[in-house]
Amino acid sequence: MTTTTGATTTTGAFGTARTRVEGREKVTGAARYAGDIPLPDLAHGWMVLSTVARGRVSAVESEPVLAMPGVLAVIDHENAPRVNLDYMGMIGKPDPILGVFQSDRVPFMGWPVALVLAERPEQAREAAEALVIRYDQEPHDIGFTSGHPDMYTPPDSPFGPAVTSKGDVEAELAASTFVVDSEYTTPEEHHNPMEPHAATAHWDGGRLEVFDSNQGSTMVAAELAQIFSLDAESVRVRSEHVGGGFGSKTTRPHQVAAAMAATVLHRPVRVVMTRRQMFSTIGYRSPTAQRVRLGADESGRLRVLDHRSECVTSTIHEFIERSATVGRVMYDADAHYTSDRVVRLDVPSPTFMRAPGEAPGSFALECAMDELAEKTGIDPIELRVRNEPDRGPVSGLPFSSRNLVACYEEGSRRFGWADRDPRPGVRREGRWLLGTGMAAASFHSGAGPSTAAVTAEADGTFTVRINAADIGTGARTAINLVASDALGVDPERVRVVMADSDLGPAMLAGGSMGTRSWAWAVAIAVSELRERLALGGDIPPEGITARSDTTEAIGALAQKERHSFGAQFAEVAVDVTSGEVRVRRMLGIFAAGRIVNPLTARNQLVGGMIWGISMALHEEAVRDRASGGLVSPDLAGYHFAANADVPVVEADWVDDPDPDDPVGIKGVGEVGIVGAAAAISNAVWHATGVRHRNLPIRPDRVLSAGTNVPEPGHAG
């Protein structure tokens, strides 16, 4: 059914739950991923990673390996083609790990030192495991500690300043009625998308073509062109389907290695990373050590917000986990100080991981706010409401919209918060102590320049062409709904072609900016197409095409604080005999702009909240100081929430269209994880009376900390 309002026709599809347009392909196995693309005469590459944390390669004993069945070549620093890393990419200077096999230097364990090429993948793997690499090993330092002597303040970057400051922190602390001064830590965490990283490269008529699993073919194609000193038009990257990314699937060494090998062999080459290899080559979330100091007056109004965070980067590339940035948006204070510092260690380079900065930062800040609520005797929601800013606390800019209080109100009503006894340890079921907690959430809402083309076909259908990336989020379906709504036709009449760098530049799927950026470009192209169709006349066999480029429109946006917001609620049960923590239920209410497809949006929000359960209770990568490597770089040793750990998890939203966006979209990909770990941690305190400031909240930590709750039948 279609309806007409004024000059705009709408189908009513936008904002209604729609199953994924590619769903049948995925459940029947017809969807092709990067490791599935068939090419004639395909060879296979297997990466060999260093087994020392620092030093030099002294010898690569390739001769015995070259004599093994099916082995075609061994590429290492002595024979690899030279590449260029002197360029500025979409997200900054490239990580030197992209310069595979360019030097004998080894900066961390897991550094790529060779690529074995063979006719079959099992031959390549066997030969790679037999390849002997000798090293001149050097002393290494992988120990991250708060206050490390080599900790430094990085320079400001396009992602924001390292330090922000206003007011006199010490003077306001001295004048505060209530003070919280606590330290929090979060461990190293890893992305672990379901689909491993894979790339298949070949040369076609002098043009490099790559089938890849990535979050943005525009970026990968541009970087490969730079790395191999090619014209931009000489590289094509396609990524039909992607099985998850979470920030890790940008330009990575396997793509460079595959392209390099195709150049050497003059035939197609596929390189697929193993799960263990991904733990050292695709990035991760840095561990953090954070100190939060809050000072408040007798009414609970903040006089001081002081949030200082420390993190890790590699010796070869600077990446900052900007955990202190969350406070720059959430709460104002007379004295407001935030800083992010970093130390260079002999470890792989960290990178963007779902809600970078906000996820670990919200754990510290939102737990500190809960501690302040306890000290002041003010309800945790009421305390946050009393400290709601009307403008950006640091920037002073107006908010595009900020419906966080509505999230508190709706969440409180649906969770039953009003019935909560604020005293810790008063609810018990046998050996289980029960508690509830909450936290606030925010994540920035941005948009990147994108191009799109929309064609009215002669048969009455429409084709949308945009180099978007569907990394499992349902982007194809969202673009289909945006286009069909703007065109005023049923979604079945719209076909979406995407994930091909030949379609023109577009924003990557990252920073919760993908759908908003692509929808903006599609909306503008549709608007132009409708004007042309309104002139009348027959549609020629090749169709009528309208194109868009949002660079100018996005550049003209007024400066505002643009964010999605949310309120997280959790109920936990803590077993006092085993230390086990069970999350019984979670509820998240979000203000995240206009929702394109409630089905996939809820999927994203619930997925983020489940990741928050993992962050709070399970995820922790541990490094062995003797070797410099991870203790268990696999899914047997790296724990995360499984089905048995996930109870009732509900996500919903309040009305929150962005008035400055032509479609009203913000973003839902990352705000779901923000605040989730803090809500669970705060619930554990409410259950046990003990604060856990170090993630994850493992059973041994619960047992060693004990409880501040009297045994049944004894006075407190």
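Residues numbered from 1 in each chain as written. Predicted model: local features only at pLDDT ≥ 70, side-chain atom pairs only at ≥ 80, totals over all residues. Heavy atoms only, no water.

Enquirer: What am I meant to see in the nonpolar core here?
Expert: Across soluble globular proteins, nonpolar side chains have a tendency to be buried as a group. Counting residues in each nonpolar core, the largest one holds 82 residues, and the members touching the most others are Leu294, Tyr331, Val572, Met586 and Ile680. In this structure Ile680 touches Ala570, Val572, Val583, Met586, Gly612, Ile613, Ala616 and Leu617, once residues within four positions along its chain are discounted. Ranked by size, the runner-up nonpolar core spans 57 residues in total, among them Trp46, Ala80, Ala127 and Ala262. (Core = buried A, V, L, I, M, F, W, Y, C linked by side-chain atoms within 4.5 Å. Buried < 20%, exposed > 50% of the residue type's maximum accessible area, 1.4 Å probe, protein only. Contact = heavy atoms within 4.5 Å.)

Enquirer: Explain the state of the cysteines here, please?
Expert: In protein structure, a disulfide is the covalent linkage between the sulfur atoms of two cysteines. Enumeration according to the criterion identifies zero disulfides in this entry. The closest cysteine sulfur to the non-disulfide-bonded Cys367 is located on Cys311, 19 Å from its own sulfur. Using a relative accessible area of 3% as the deciding quantity, one classes Cys367 as buried. Considering cysteine sulfurs only, Cys367 is the nearest to Cys407, which forms no disulfide, with 19 Å between them. (Disulfide = S-S within 2.5 Å.)

Enquirer: What's the story with the pattern of salt bridges in this structure? I'm lost.
Expert: Side-chain pairs of opposite charge can arise where the charged atoms are in close proximity. Scanning the entire structure with this criterion turns up 57 salt bridges. For the salt bridge of Arg105 with Glu138, the shortest nitrogen-to-oxygen distance reads 2.8 Å. Of this pair, Arg105 sits in strand S6 (residues 105-106) while Glu138 sits in the loop between strand S8 (132-137) and strand S9 (163-166); the two residues are 33 residues apart in sequence, bridging distant segments of the chain. Overall, the relative accessible area of 25% leaves Glu138 in the partly exposed class. Linking Glu119 and Arg267 is a salt bridge whose minimum nitrogen-to-oxygen distance equals 2.9 Å. Of this pair, Glu119 sits in the loop between strand S7 (112-118) and helix H3 (121-130) while Arg267 sits in the loop between helix H6 (253-265) and strand S14 (269-272); the two residues are 148 residues apart in sequence, bridging distant segments of the chain. Glu119 gets classed as partly exposed once you look at its relative accessible area, which sits at 35%. You can call Arg267 buried: its relative accessible area is 13%. Members of the salt-bridge network, linked through shared partners, are Arg207, Glu209, Arg236, Arg238, Asp500 and Asp502. (Salt bridge = Lys/Arg side-chain N within 4 Å of Asp/Glu carboxyl O. Helix = DSSP H or I, 4+ residues; strand = E, 2+ residues; numbered from the N terminus.)

Enquirer: What is the right way to look at the sheet that holds strand S16 (residues 302-314) in this model?
Expert: Backbone hydrogen bonds hold the strands of a sheet together, and the pairing may be parallel or antiparallel. The sheet built from five strands is open, its strands ordered S9-S17-S16-S15-S10 with mixed pairing. Edge strands, defined here as strands with exactly one partner in the open sheet, are S9 and strand S10 (178-186). Between one strand axis and the next, the sheet turns through 15° on average, direction left out of account. Here nine bridges tie S10 to strand S15 (residues 288-296), and the two strands are oriented antiparallel to one another. In the strand pairing of S15, Thr185 is matched with Ala289. (Pairing = 2+ DSSP bridges. Axes fitted to C-alpha atoms, helices over the stretch in contact; angles between N-to-C directions.)

Enquirer: In this structure, what is going on with helix H16 (residues 676-688)? I would like to understand it.
Expert: Because each turn of an α-helix spans 3.6 residues, side chains separated by three or four positions end up pointing in the same direction. Its 13 residues place the ends of H16 19 Å apart at the C-alpha level, agreeing with the 18 Å of an ideal helix rising 1.5 Å per residue. Judged by how many residues are buried, H16 sits mostly within the fold: 13 of 13 residues are covered. Looking one or two residues past H16, Gly689 carries a phi angle of roughly 80°, positive in sign. (Expected span 1.5 Å × (residues − 1).)

Enquirer: What should I look at first to understand the environment of Ala368 in this one?
Expert: Within the secondary structure, Ala368 sits in helix H9 (residues 358-376). Residue Ala368 is classed as buried on the basis of its relative accessible area, which comes to 0%. The sequence separation of Ala368 and Met68 amounts to 300 residues, and the corresponding C-alpha distance is 60 Å. Not counting residues up to four positions away in its chain, the partners in contact with Ala368 are Val180, Tyr184, Val292 and Leu294.

Enquirer: Would you take a moment to explain the sheet that holds strand S21 (residues 462-466) for this structure?
Expert: Strand order in the open sheet formed by four strands is S22-S21-S20-S23, with mixed pairing between adjacent strands. In the strand order of this sheet, the two ends are held by strand S22 (494-498) and strand S23 (544-549), each with one partner. Neighbour-to-neighbour, the strand axes of the sheet open up by a mean angle of 15°, direction not taken into account. Across four bridges, the pairing between strand S20 (residues 451-456) and S21 is antiparallel. Of the residues in S21, the one forming a bridge with Ala456 is Phe462. Across the sheet, helix H13 (residues 514-534) touches S20, S21 and S23, and the angle it forms with S23 is around 140°.

Enquirer: What is the right way to look at the confidence of the model for the protein in this model?
Expert: Predicted coordinates in areas of low pLDDT are best not read in detail. On average, residues of the protein score 95 in pLDDT, and 98% of them reach the 70 mark or higher. The low-confidence segment residues 1-9 (pLDDT under 50) makes 17 contacts with residues lying over four places distant or belonging to another chain. (pLDDT = per-residue confidence, 0-100.)

Enquirer: Just checking my understanding: could you explain the pairing of strand S25 (residues 581-591) for this structure?
Expert: If a strand is regular, its side chains alternate between the two faces of the sheet. For S25, the buried fraction is high: eight of the 11 residues fall into the buried class. Sheet topology places strand S24 (residues 563-575) next to S25; 10 bridges connect them, and they run antiparallel. Bridge pairing in S25 places Phe565 opposite Ala591. Connecting S24 to the next strand, S25, in antiparallel fashion are five residues, including Gly579 with a positive phi near 85°. Note: S25 against strand S26 (residues 648-653), six bridges, orientation parallel. Bridged to Leu587 within S26 is Glu650. Considered for its hand, the β-α-β crossover made up of S25, helix H15 (residues 598-617) and S26 is right-handed. (Right-handed = clockwise from strand over helix to strand, strands pointing away.)

Enquirer: Any chance you could explain the pairing of strand S5 (residues 71-76) here in plain terms?
Expert: The buried count for S5 comes to five of six residues, which makes it a mostly enclosed element. Direction of pairing for S5 relative to S7: antiparallel, over a ladder of five bridges. Counted as the bridge partner of Ile75 is Leu115 from S7.

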